[in-house]
Structure formats: structure tokens, C-alpha cells
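# Structural overview for review
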Amino acid sequence: MNAVTWDQRERIIALLAEASADPAVRAVVVTATGRGFCAGADLRGSPPAGERVAGDVARMIRQGAQRFIAAVMDCEKPVIAAVNGTAAGIGAHLAFACDLVLAAESARFVEVFARRGLVPDGGGAYLLPRLIGPQRTKELMYFGDALPAAEAHAMGLVNRVVPAEDLPKTARAWAERLAQGPTRALALTKQLVNASLDTDRTTAFAAEATAQELNMTTRDAQEGVASFVERREARYEGR
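Residues numbered from 1 in each chain as written. Predicted model: local features only at pLDDT ≥ 70, side-chain atom pairs only at ≥ 80, totals over all residues. Heavy atoms only, no water.

### Remarks on empty space enclosed by the protein
Per the stated rule, a full pass over the model turns up 1 cavity of 30 Å³ or more. In this structure, the largest cavity occupies an estimated 50 Å³ of space. Ala92, Phe96, Phe109, Val110, Glu111, Leu128, Leu140, Asp145, Leu147 and Leu157 together form the lining of the largest cavity. Elements represented by at least two residues in the lining of the largest cavity include exactly helix H3 (90-97) and strand E6 (108-110). Looking at the lining of the largest cavity, its residues break down into 8 nonpolar, no polar and 2 charged. (1 Å grid on protein atoms, 1.4 Å probe; cavity = no way out; pocket = protein on both sides within 12 Å on 5 of 7 lines; lining within 4 Å. Points joined across faces, edges and corners; volume = space filled by probe spheres on them. Helix = DSSP H or I, 4+ residues; strand = E, 2+ residues; numbered from the N terminus. Nonpolar A, V, L, I, M, F, W, Y, C, P; charged D, E, K, R; others polar.)

### What to know about the nonpolar core
Grouped together as the largest cluster of nonpolar side chains are 42 residues, with contacts concentrated most on Phe37, Ile69, Val79, Val83, Phe109 and Leu157. Within the second largest apolar cluster, 11 residues are counted, among which are Ile80, Ala82, Leu102 and Leu178. (Core = buried A, V, L, I, M, F, W, Y, C linked by side-chain atoms within 4.5 Å. Buried < 20%, exposed > 50% of the residue type's maximum accessible area, 1.4 Å probe, protein only.)

### Points about helix H8 (residues 183-196)
For H8, with 14 residues, the first-to-last C-alpha span of 20 Å sits near the 20 Å given by 1.5 Å per residue. Of the surrounding secondary structure, the elements contacted by the buried residues of H8 are helix H2 (56-74), strand E3 (79-83), helix H9 (201-215) and helix H10 (219-230). (Expected span 1.5 Å × (residues − 1). Contact = heavy atoms within 4.5 Å.)

### Concerning the packing of H2 against H3
Their axes nearest at 9 Å, the elements H2 and H3 cross at an angle of 20 degrees. Overall, the two elements H2 and H3 adopt an arrangement that is roughly parallel. Handedness of the H2/H3 crossing: right-handed. Contacts between H2 and H3 pair Ala65, Phe68, Ile69, Val72 and Met73 from the former with Ile90, His93, Leu94 and Ala97 from the latter. Residues belonging to the contact of H2 with H3 are distributed by class as follows: 8 nonpolar, 1 polar and no charged. (Axes fitted to C-alpha atoms, helices over the stretch in contact; angles between N-to-C directions. Parallel < 35°, antiparallel > 145°, perpendicular 65-115°, else oblique. Left-handed = near helix turned anticlockwise from the far one by under 90°.)

### Concerning the layout of surface pockets
A water-sized probe, rolled over the atoms, reveals where empty space remains. In this structure, the second largest pocket encloses a volume near 560 Å³. Taken together, 24 residues make up the lining of the second largest pocket; nearest its centre are Cys98, Asp99, Leu131, Val193 and Asn194. Every element with two or more residues in the lining of the second largest pocket is listed here: H3, strand E5 (100-104), helix H4 (124-132) and H8. A class-by-class count of the residues in the lining of the second largest pocket yields 16 nonpolar, 5 polar and 3 charged.

### Concerning the pattern of salt bridges
In this structure the tally under the stated criterion is 11 salt bridges. When the shortest N-O distance is used, the salt bridge between arginine 59 and aspartate 56 registers 3.0 Å. Taken together, the residues span about one helical turn, with arginine 59 and aspartate 56 both in helix H2 at a distance of 3 residues. By relative accessible area, which is 34% here, arginine 59 ends up partly exposed. For aspartate 198, the salt bridge goes to arginine 130, with nearest N and O atoms at 2.7 Å. You can see aspartate 198 sitting in the loop between H8 and H9 and its partner arginine 130 sitting in helix H4, a full 68 residues away along the chain. You can call aspartate 198 partly exposed: its relative accessible area is 43%. One network of salt bridges, with partners in common, ties together Arg9, Glu10 and Arg67. (Salt bridge = Lys/Arg side-chain N within 4 Å of Asp/Glu carboxyl O.)

On their own, these measurements won't tell you what the molecule is for.
Dropping the structure here:
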């Protein structure tokens, strides 16, 4: 069920950093094989309670689950989650941290933490209220019930629900469409949207103006304007 081990987490963080830095990468898809998308963190590697000292758990969360989710949110390329099955705990937060979420009809999302006697981590209490509001977030987190894909879509947690057999081709089609877009403009758009709920209007407007100033130095912005004037399709290079 693809429970996240330390090695897997570090590999994904590294791949997302590489995607940000590589001009040839224009979009990212996060998906899984097997029955589940991600069953959460692999807790078998955690130190026994008796061997911990104060600060160990907070440090582990900062360096682990929080870095993992931040890597998705901070990736400079659009990130699509293609959720093929159950996404529980940090697996659900991994999906919700992505820019776009596709889900198979059989997918489920589970805020499993309270059922384990745990507090949600991996940015869940930050992400979910911003996506669906505090009341619905508390219902999901307090009870830990499985949320079917269709209900997640109705809440606004998922962009599109598709039959399981259509998930890979739909994710590829969306990724290819994004990959043909103005990559730097999309990166700046992602930054503006992600920051918007934490800033006041004055700060948000200033960031928007700065982003537009930066973007207008790119070849893609110049191509976009030229294609409009010349009444033709734009040909973006991601630069």
C-alpha cells in the first residue's frame, strides 16, 4: 500500500528538487502502483517511546513529514496527483499538497491520525482548512472515516474523478498540456496562489506586480504576446 519509508521520502524530495532545477522538466505527476496510492508513513522505523528525549518527535516531523509536503508545494513545476487507490494520513496530505488532484473512482482519502491516537502532521491542519474550511476539516480529522473520491470531489479536494482505467491517460494528458505551457509563468502563478491565503491584500498585490515584472523578462511571455498580435498559437519553451 506504499507506506512511506525514510528512503522513499528522501528520494521523492530529491526528485522534486531536480524537477525544479531542470528546464527540460515541465510538469510532474505523483502516482503509485498496486492497490493503494499511499497508506501513510511507515511507522515501523520510529524510535520506541522509551528511547526518545524531548524534542525528538518535533525534529522528526520538521525534517520528515513537513519537508516532504513542503517539497511538493515548493516545486517550481506544476505537480499533479493521480490517486489510484487509498490515500491515508501523510498519503492524503501528499495528494492535497499537489496543484491538481485526479482520483480514480475507487480512491479513498482517510485522515487516519486520530484512529492511531495521533495528531495530524505533514501539513494537514494547514492544508485542509484552506481547501474545505475548518468545520469539514474537523469532521474528517476527528472521525477518521474514509472519504470516497466522489465526496472528495464534491468538497473541492479533488479536481476530477475518472474510472480507474482512465486515470493514467488522463494524468498524462493533463501533464502534457501543462508541459506545453509557459513554465515560468505557471511557477509564479503557483507561488502567488499558495501564498495568497496567508497574506493581506496589500502584500498579495505587491507580490502579483513583482511576479508579473519577473515574468515579462521570459521568452515565453514575449512569445505569448507575439502570438496574440500575430493571431497564431503560442509555442512555449519553458524559459
